[in-house]
Amino acid sequence: MHTLAIVDGHNFLFKSYAVPFKFYSQRGTALHVATTFLSLLRRTATTVQADSLIVVFDSQEANPNNILSDSYKANRKQDFSQDEDSPFFHLPLIKSAMDRLGISWLEKPGIEADDVIASLADKFINTSPKNKVFIASSDSDFFQLISNKVKIVQLKSKGNHLILDKGYIVSTFGVEPADYIELKSLVGDKADNIKGIPGIGWKRGLEIMIGKRKRPLGVKEHQLLELNRQLIRLNRELEVGCPISSVSHLIEKSNKDIFEVIDA
């Protein structure tokens, strides 16, 4: 059996940037974000006992979902260029550290990381019946990918973590992972600025899906529902050839060893 950990790079980047401390090298290079990022990668690899790992970052260019909807993720800050410090200020150092460790990372121009991750996971589990994937992210869009071979790992504070599987989705939302797209399309997603059908929350959405409640939709509501399906459904068919990397160097080498070389 071969286990691949696929890391949502921007999710880890913002998590690392949020640490309540700062420290610098003797040369004055800020290291707190990059070292936290590497520590999260190590935790992921050891938690799921991964053989291989790859990190996927969002493209900074417009993607197909931005074309479908001007409001898609419009609630998020997009331009950090005027900030004295930002998560993206630390990204080159993080990528250099991963290169030094031989950790594969991927960023496809004009393509969301979610779609790249979905395509990587699908391709990997179909390569061998013994392969399995853990996606490291707190993004609920990945719930639709959960299967017997694909699970979600969410790292929590104090060394805790959650493994989300099919049982979690069914017990939490009342639907199978494959039906999560439809439920979320009805309800919407505040995190991505996707508006749901007015008056429909998680409970009512589930009742509609299981036939317990009827809710006729008007023309505009049907159009909104179809748009939401397109925004939420992940693309699993991208050509994303990228070599996955062993976790051995990541586990063996300390942060101090890495940054002494990079920041020399």
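Our subject is the structure listed above.
These figures come from a predicted structure and were not determined experimentally.

(A) Spatial organisation of the overall build of the chain. Helices and strands together make up the secondary structure of the chain, namely 11 helices and 9 strands. What you see for the chain is a C-alpha radius of gyration of 20 Å, in line with the 18 Å of a compact globule of 264 residues. Dimensions of the chain, computed from C-alpha atoms along their principal axes, come out at roughly 65 × 45 × 35 Å. When each of the 264 residues of the chain is scored for burial, the buried share is 48%. Just so you have it, the chain exposes about 13700 Å², and 51% of that area is on carbon and sulfur atoms. The centroid of the 34 positive side-chain charges in the chain is displaced by 6 Å from the centroid of its 32 negative side-chain charges.

(B) How the structure looks around the pattern of salt bridges. Tallied over the full model, the rule gives 7 salt bridges. Residue aspartate 189 pairs with lysine 184 through a salt bridge whose shortest N-O separation is 2.9 Å. For the pair aspartate 189 and lysine 184, a shared accessibility class is recorded, and that class is buried. Where lysine 256 meets glutamate 260, a salt bridge forms, and the shortest distance between an N and an O atom there is 2.4 Å. One end of the pair is lysine 256 and the other is glutamate 260, both in helix α11 (residues 255-262) and 4 residues apart, which spans about a single turn. Under the relative-accessibility criterion, lysine 256 is labelled exposed at 56%. On the accessibility criterion, glutamate 260 (46% relative accessible area) is partly exposed. Because the salt bridges share partners, they merge into one network encompassing Asp141, Lys184 and Asp189.

(C) Region of interest: the nonpolar core. Residues Phe12, Phe37, Leu41, Leu53, Val55 and Met98 are the most contacted members of the largest nonpolar core, which totals 32 residues. For this core, the secondary-structure elements that each account for two or more residues are β1 (3-8), α1 (9-17), α2 (32-47), β2 (52-56), α4 (91-101), β4 (132-136), β5 (150-155) and α11. When residues in this core are grouped by element, the largest group, 7 residues, is from α2. Beyond its immediate stretch of four places on either side in the chain, phenylalanine 37 contacts Gly9, Phe12, Leu13, Ser16, Val55, Phe57, Ile94 and Met98.

How each quantity is defined
- Once a new chain begins, its residue numbering starts again from 1 and follows that chain's sequence as written.
- Where totals are concerned, whole chains, interfaces and linings use all residues; where local detail is concerned, this predicted model gives features only for residues with pLDDT of at least 70, and gives and counts side-chain atom pairs only at 80 or more.
- Just so you know, side-chain values use all the structure's heavy atoms and leave hydrogens and water out.
- Only DSSP runs of H or I covering at least 4 residues are called helices, and only runs of E covering at least 2 are called strands; the numbering of each starts at the N terminus.
- For this measure, only C-alpha atoms enter the radius of gyration; the expected value for a globule follows 2.2 Å times N^0.38, where N is the number of residues.
- Exposed residues in this analysis have more than 50% of their type's maximum accessible area, buried residues have under 20%, and partly exposed residues fall in between, with area computed by a 1.4 Å probe over protein chains only.
- Note on areas: these come from Shrake-Rupley sampling with a 1.4 Å probe, and a residue is covered only by the protein chains present in the view.
- Charge counting follows a simple rule: Lys and Arg are positive, Asp and Glu are negative, and His as well as the terminal groups are ignored.
- By convention, the point assigned to a charge is CZ for Arg, NZ for Lys, CD for Glu and CG for Asp.
- For this document, the term salt bridge refers to a Lys or Arg side-chain nitrogen within 4 Å of an Asp or Glu carboxyl oxygen.
- Here, nonpolar core means buried Ala, Val, Leu, Ile, Met, Phe, Trp, Tyr and Cys residues that are tied together by side-chain atoms lying within 4.5 Å of each other.
- Here, two residues are considered to be in contact whenever any of their heavy atoms come within 4.5 Å of each other.

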